[in-house]
Amino acid sequence: MLRKNFTIYLLLGFSVFFWGTSIRAQKAKLGDVGDGSRTTPVHVIDLYDEEGAVIRLDDRPVLPFSTKQTCNPCHDYGKISSGRHFNASDPTVDPGRTGEPWILVDPITATQIPVSQRNWPGVYQPQQLGLTPWYFLQHFGRQMPGGGIAENDSADGPDVAMRWWVSGKYEINCLACHSGAAEQDQAGCALQLARQNYRWAAAAASGIATAHGSAKAMPDNYDIYYGVAPDDSRDVPPGIEYHTARFNNKGKVFFDLKREAPNNRCYFCHSTKDISQSTAEKGRADEDVHLQAGMQCVDCHRNGLDHQMTRGYEGENNNAATLTCKGCHTGDKNNDKPTNGRFGAPRPKHAGIPPVHFERLSCTACHSGPWPDKNTHQIKTSRAHGLGTQGIKKTADVMPYLTSPVFVKEKSGKIAPHKLLWPTFWAFTNGDSIAPISPERVKPLALWAIAADTLTDSTNYARINAGNWPEFTPQKISGILDTLGKKFPDEGVPTFISGGFAYQLDTTNQLTKKESPAGQPYSWAFAHDVRPASQSLGVRGCSDCHDSGSPLYFGNVTVSTPVTGEKMGSKKMTAFNRLGSVYPRVFAFSFLFRPWLKILLLLSVLILSAVFILYFFKGLDFVIKTMAHKE
Amino acid sequence: MFRIVSIIGFLIVLVWIIRGFAGRSENTLAIKRWLRRQKQTVFNRGEEITSLNYLRSFFYLLAVLAVLVLAFTGFVPVIILGKHPSGFLLILHVTAVPFLAVSLALLSLFYAQRNRFSQADLSFWGGHEKEKTGRGNTTRIIILKKICFWLLIGLSIPLISSILLSMFTIYGTGGQSFLLHLHGYTALLFVIVAMIYAYFSIIVSKD
């Protein structure tokens, strides 16, 4: 009986195993399993619309191709959609080290507030500012690769439910990263997103088609199959025209796709412009040394099919220690095989640098970003300022105000260069909690306050038009706070957060100011551009960092605030690297005496050695004589 | 590793010294006598007051103080926190370094001749090694003190050189790490030998 049962269990076990294996085999898609060839397969493929139907040029209406339907037959779209670029809204995903947030900007209300679905300390969740996926996409879609919340219409309210039907979803735009075509136009994609042409955006940017019209102008009941009513000619409905020459005689299209995303694709969302330096002019700026050496971004920032990009910082939770600076340049000690020297990475000598530096500083502290100056530099980034998109303001004073390099002590205890934002926003305070107010709610009040002095002074209007924030006098802040309190009496104490402070009205309606945790700057580490070794901090000696005026310790970090009288103040770098204000000064002072110390130590060692050697030989002489005497 | 070695090293020496003192009623007197002798040395009591004697006393006191400061600032973070010295302790440590270096160099000049090994020391060690009581014991301890002196002079060379070399752009990360270890271990030996030297000095003053 027992033997019979055992046989049955064994057979059942085998059945489950083979069934499981067959399911797994079915899931692995054609393009996801390599055959060992290093060649990138040529992609001459059929295009599919969002319903999964093959697109033919004579279709009416002709629909944009869906990346999901077109790529999914060979690549596991579901698995890819869990990747780093698409999974921000998944609460189960480890957010990792603080990264660049999205920054909600509104010049009229002087709002610049870090927003992210990732649970980084210091950022606000989009919902807190009324940014449902629809509105989030409207604000930041320009530099998003699709997927994630851009497909998540279910999280939206009824006010925009119909708009998703009109615009479609912005599926993962595979071409945004993997296209090798020179005509891949992400700025064009951003334009389509601004027109709410979500389902058309990827096709319009691909270079094989031209989009027209705007879903934004269409009514809620617009249907892509039926178009607009014949008597309604107010606006051009969204549509697409394929470039017929791109289709072969079988109706297939060639896509120039790269397995490794080209640098140019990464740059669209990951560029930084330093507007304080002479290198602000493009022709005078140097590239990252790794890229100059012929490497690509994705050589280090790798991913597998799951698209979990390696961010490349030490301690990253992805078993990618060998893809950090140390991993390539000095090797991963925990690896049983040598890992240093990847891509020909030179092993640094670090001559004369005591090992404690490697415990207290990240590699990037000395090697990355611009050479630090007495004052931090104002910068722009792609995601914060929409660099590379059409119609952006190119002047220097455009919100948000980011400053860099700021040397911040990280959780790991190491000091690393950061980009930094001073949050500025209106909020309601309830006890210790601060709830930011959507700029849309404050805008009318701010406009009223600004308009009040328009007849005498139009500076603020000019500033707003230039993308700058207005100057807020204490009277203006008081006025807005007072109105907010009267208009929304049940929501908490109206507060203006800026420059590290919280401004509130006291019981006598006087404006008060106190330091606030909500006003503390949000910063995120950066690693690029990496300078050549001969331009790294310390190359001229200890004084690069341990001088009483060295920017690493004593630089001025610009504090951005629209409050009149406090504008563009600064804080010392020591406030960010948490070393206190006295210790770095005393330590730097001690370096004044270092040359003398060296001389003293050298003389002392010479004397001690001379005495020791003299008496050693005296002793030897004595031993030799004694031995000779005994003979 | 260094933390464990340091703890073990200090424990062994302390236990040895305590055992040496344990159960002997004359020890309190010996320590008092030793302290008095230190005072005499420092303030030149009983010696002809010359500028050289002043210098000798001054640098003796300076060396003792510097060793105490350096041992405290160097080993307390290692033993208690398991970390390298840093912050204000490091600044204090570095500040005391030149005082010890200069003092040691000058003390080596002052005391080298006094601590040389003589024919009598050699004959004693050869012939009366087993005589461990009375006069013979004192002579033996004096010889051990001389050995300690030369050990202190010998150890101070790598102790200072290691930190001096690390201040020049000669050695890379590996070399720097080696120099730091060398500094740590020679410092440990230096302090241990200094403790033993002090112990012998007390014992000698007892006899």
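Residues numbered from 1 in each chain as written. Chains lettered and ligands numbered in written order. Predicted model: local features only at pLDDT ≥ 70, side-chain atom pairs only at ≥ 80, totals over all residues.

Draft legend 1. A look at the overall build of chain A. The helix and strand inventory of chain A stands at 22 helices and 18 strands. Taken along the three principal axes of its C-alpha coordinates, chain A extends 125 × 90 × 65 Å. Counting over 631 residues, chain A shows a buried share of 37%. Taking all contacts inside chain A whose residues are at least 6 apart in sequence as the whole, residues at least 24 apart take part in 62%. (Helix = DSSP H or I, 4+ residues; strand = E, 2+ residues; numbered from the N terminus. Buried ≥ 20, exposed ≤ 12 C-beta atoms within 10 Å, placed from the backbone. Contact = placed C-beta atoms within 7 Å.)

Draft legend 2. Expanded view of the sheet that holds strand 14 (residues 501-505) of chain A. Residues and elements named next belong to chain A. If you walk across this open sheet you meet the five strands as 12-11-13-14-15, and the pairing is antiparallel. With partners counted over all chains shown, the strands left at the sheet margins are strand 12 (433-436) and strand 15 (511-515), one partner each. The average angle at which neighbouring strand axes cross in this sheet is 35°, direction not considered. Pairing analysis gives four bridges linking strand 11 (residues 425-430) to strand 12, with the strands arranged antiparallel. Residue pairing across strands places Asn430 opposite Ser433, the latter belonging to strand 12. Packing against the sheet, helix 18 (residues 474-487) makes contact with strand 11, strand 13 (493-498), strand 14 and strand 15, and its axis sits at approximately 65° to strand 14. (Pairing = 2+ DSSP bridges. Axes fitted to C-alpha atoms, helices over the stretch in contact; angles between N-to-C directions.)

Draft legend 3. Up close: the sheet that holds strand 7 (residues 272-274) of chain A. Residue and element names in this part refer to chain A. Overall, antiparallel pairing links the five strands, which are arranged 7-8-9-10-16 in an open sheet. Each having just a single partner strand, strand 7 and strand 16 (522-525) make up the two edges of the open sheet. With direction set aside, neighbouring strand axes in the sheet form an average angle of 45°. With three bridges joining them, strand 8 (residues 377-381) and strand 9 (residues 402-409) adopt antiparallel strand pairing. Note that in strand 9 the partner of Ile379 across the bridge is Leu402.

Draft legend 4. Spotlight on the confidence of the model for chain B. Residues and elements named next belong to chain B. Chain-level pLDDT for chain B is 83 on average; 82% of the residues reach the 70-or-more range. Here helix 2 (residues 27-43) stands out as the least confident element of chain B, with mean pLDDT 68; helix 4 (residues 87-111) is the most confident, with 92. The ipTM assigned to the predicted complex is 0.88, against a pTM of 0.87. (pLDDT = per-residue confidence, 0-100.)

Draft legend 5. Broad picture of the interface of chain A and chain B. Tallying the contact residues gives 27 residues for chain A and 34 residues for chain B. Only helix 21 (582-590) and helix 22 (594-630) of chain A provide two or more residues apiece to the side of chain A that touches chain B. No other element matches helix 22 of chain A, which puts 15 residues into the side of chain A that touches chain B. In the side of chain A that touches chain B, the residues fall into 18 nonpolar, six polar and three charged. (Nonpolar A, V, L, I, M, F, W, Y, C, P; charged D, E, K, R; others polar.)

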